[in-house]
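Take a look at the letters that make up each chain.
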Amino acid sequence: YIPVPLVPRSGILKKNTNNERLIIDKRCQMSPLQFTQSTSKQRKMELKAAIIPEEIGDPKVGVLFLNLGGPEKSTDVEGFLYNLFADPDIIRLPPLLSTLQKPIALAISKRRAPKSRAAYNSIGGGSPIVKYTTQQANLISASLIKNHNLNVKTYIGMRYWYPFTDQALKEIAEDDIQSLVILPLYPQFSVSTSGSSLRLLQEEFSKEESIVSKKMKHTVVDSWYNRPGYVKSVADLIKIELESFTTEELESGGKRHVLFSAHGVPQSYIDNGDPYQEQIIECVEKIGGEMPEGVEVHLSYQSRVGPIEWLRPYTDDVLPTLGSSGVKNLVVVPISFVSEHIETLEEIDIEYKELALESGITNWRRCPALNTDETFINDMADLVVESLQSPTLTVTEACVNNNCIDVKEISQLIDADKEAQVAERINGRFAMLGIVSTLMVELASGKSLLHMFGL
Ligand SMILES: C=CC1=C(C)c2cc3[nH]c(cc4nc(cc5[nH]c(cc1n2)c(C)c5CCC(=O)O)C(CCC(=O)O)=C4C)c(C)c3C=C
Ligand SMILES: [Fe+2]
């Protein structure tokens, strides 16, 4: 294949076309696989030839799916909550108080556990996230074989519960993966979700003694909310719900409404540069644009935790407002996540449904999460192939571009990289000096130096 660096490998601090600062983590930049314009059959063959050289026989291409994770049973809930609240990307403390992160996480998880446990008990005792993520990974892998002749190994890295991300990294190292596509299963980027998982990888990859080989190339897909395939798959699922309203419901209930309910984040995250809200709005505009004529679209945010200000409007404020303005036919669409979880199965299906009915919204529908939807799965497989063909971001770049690493950390990274570069240059000069002096000694003596040492 033809390796074409899309980003300069030599520089460490660059500016992109928007004049934004980018850090180039040259150790991890994947060699993009470049393809000429060709028919899809030719492309499949080229791709196979590019990634699966015959003499190796084993592709050594991996896809790491990042996700949040969830308790599998009731007794896991407190430990899961502890891991979540111990994450500085979830509870942000000023640097001076950072030593208190763990005791605070312990206190909050203990206090919240009974309420959370009750919610998980109402959906069978545990989260279905691992089940759906595993099915998604397997189906994406099957789609890669079927539609692209590409054999990959898939890995699941959960942030707060089993299977944890570090376990996935160990397996990636054991399998000697050479090219890794890192794909967070969150369509929109938030510092609190994809950002937190990528930060873990960034820390691990930048260690001198990292679990994964420095030779492994990787690329990150930081967000994919605007992919036509994803937009179409959600729009199609909503249309099924819209078409399910009976003639009677339409005659008595009037207009159909769609309420996108996104997971919230604290407003302060957005004020500090988290791109999440912007991406949610753009995503809802795109999917909303696919709705049939006459359907009215709304957006609100759910699942806030604690007394601080979260993104508004809140779903539990919007439902009564819609009800009092006469809305009867409503489809609620979970939008920040691609599989069913506690917040769709309990918060939307139980709490919000009850609130909607009490508010007079009599004809309630909930759009399912994408789960194993075929259009979605095939689009994710296409995304993996596109990422191998045109790698975009390293973990460092993804963190920096999305404001997950602050300026202080950036300068530490730059310093570390500069030191590494200087050391490389010095080593190179010493090596050159050694070669030149060896040649001079050999020329002057007329004998090989190795020969002089009896070799
Ligand atoms: C895009 C999705 C998500 C964002 C953004 C997000 C931010 C965020 N979450 C919390 C606190 C909690 N989240 C919890 C569960 C949970 N969160 C998401 C997704 C996002 N979170 C999912 C899919 C799940 C469910 C996992 C499952 O088990 O099914 C929980 C635990 C449940 C509960 O007690 O309510 C908490 C707590 C914060 C504070 C935050 C942003 C800072
Ligand atoms: Fe959450």
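Residues numbered from 1 in each chain as written. Chains lettered and ligands numbered in written order. Predicted model: local features only at pLDDT ≥ 70, side-chain atom pairs only at ≥ 80, totals over all residues. Heavy atoms only, no water.

**Student:** How do you make sense of unusual backbone geometry when you look at a structure like this?
**Tutor:** The general pattern is negative phi for most residues beyond glycine and trans for most peptide bonds. Of the consecutive residues Y162 and P163, the connecting peptide bond is found in the cis state with omega at -10°. Looking at the element boundaries, P163 is found in the loop between β4 (153-158) and α5 (165-174). Following R312, the chain continues into P313 via a peptide bond in cis, with omega recorded as 0°. Structurally, P313 can be placed in the loop between β8 (296-302) and α11 (315-324). The phi dihedral of N149 is positive, around 55°, even though this residue is not glycine. Assignment of secondary structure puts N149 in the loop between α4 (129-148) and β4. Residues other than glycine seldom take positive phi values, yet N371 does so here, at roughly 45°. Relative to the helices and strands, N371 resides in the loop between β10 (363-366) and α13 (374-389). Assessed through its relative accessible area of 11%, N371 is described here as buried. (Helix = DSSP H or I, 4+ residues; strand = E, 2+ residues; numbered from the N terminus. Buried < 20%, exposed > 50% of the residue type's maximum accessible area, 1.4 Å probe, protein only.)

**Student:** Would you explain α13 in this entry?
**Tutor:** Given 3.6 residues per helical turn, the α-helix brings residues three or four places apart onto the same face. Here α13 spans 23 Å end to end across 16 residues, near enough to the 22 Å set by a 1.5 Å rise per residue. Residues of α13 that are buried include every one of F376, I377, D379, M380, A381, L383, V384, V385, S387, L388 and Q389, and no others. The backbone nitrogen of T375 has a side-chain oxygen 3.2 Å away, supplied by the residue at the start of α13, namely D373. (Expected span 1.5 Å × (residues − 1). Polar contact = N/O pair within 3.5 Å; in protein donor to acceptor, adjacent residues only side chain to side chain.)

**Student:** What is the right way to read the nonpolar core from this model?
**Tutor:** Most often, soluble globular proteins keep nonpolar side chains buried together rather than apart. In terms of nonpolar packing, the biggest core is built from 72 residues, with W224, Y230, I238, V258, I287 and I335 touching the most fellow members. Among the elements that make up this core, the one with the highest residue count is α13 (eight residues). The next biggest cluster of nonpolar side chains, apart from the first, holds 24 residues, and it includes L66, V212, L393 and A398. (Core = buried A, V, L, I, M, F, W, Y, C linked by side-chain atoms within 4.5 Å.)

**Student:** Just checking my understanding: could you explain the packing of aromatic side chains for this structure?
**Tutor:** Each pair of aromatic rings is reported with the distance of its centres and the angle of its planes. One pass over the structure, following the stated rule, counts seven aromatic pairs. Ring centres 5.6 Å apart and planes at 55° place the aromatic pair Y186 and F337 in the tilted group. Here the residue Y186 occupies a position in the loop between β5 (179-184) and α6 (191-205), and F337 occupies one in the loop between β9 (329-334) and α12 (342-358), the gap between them amounting to 151 residues. Side by side, Y186 and F337 carry an identical accessibility label, which is buried. Within the aromatic cluster, the residues linked to one another by ring pairs are W161, Y162 and F164. The residue whose ring lies beneath R92 is Y269, and the NZ or CZ to ring-centre distance is 4.1 Å. When the ring centre of Y132 is taken as reference, the NZ or CZ atom of K131 above it lies at 4.7 Å. (Phe/Tyr/Trp six-rings, centres within 6.5 Å; stacked < 30°, edge-to-face > 60°. Lys NZ or Arg CZ within 6 Å of the ring centre and 35° of its normal.)

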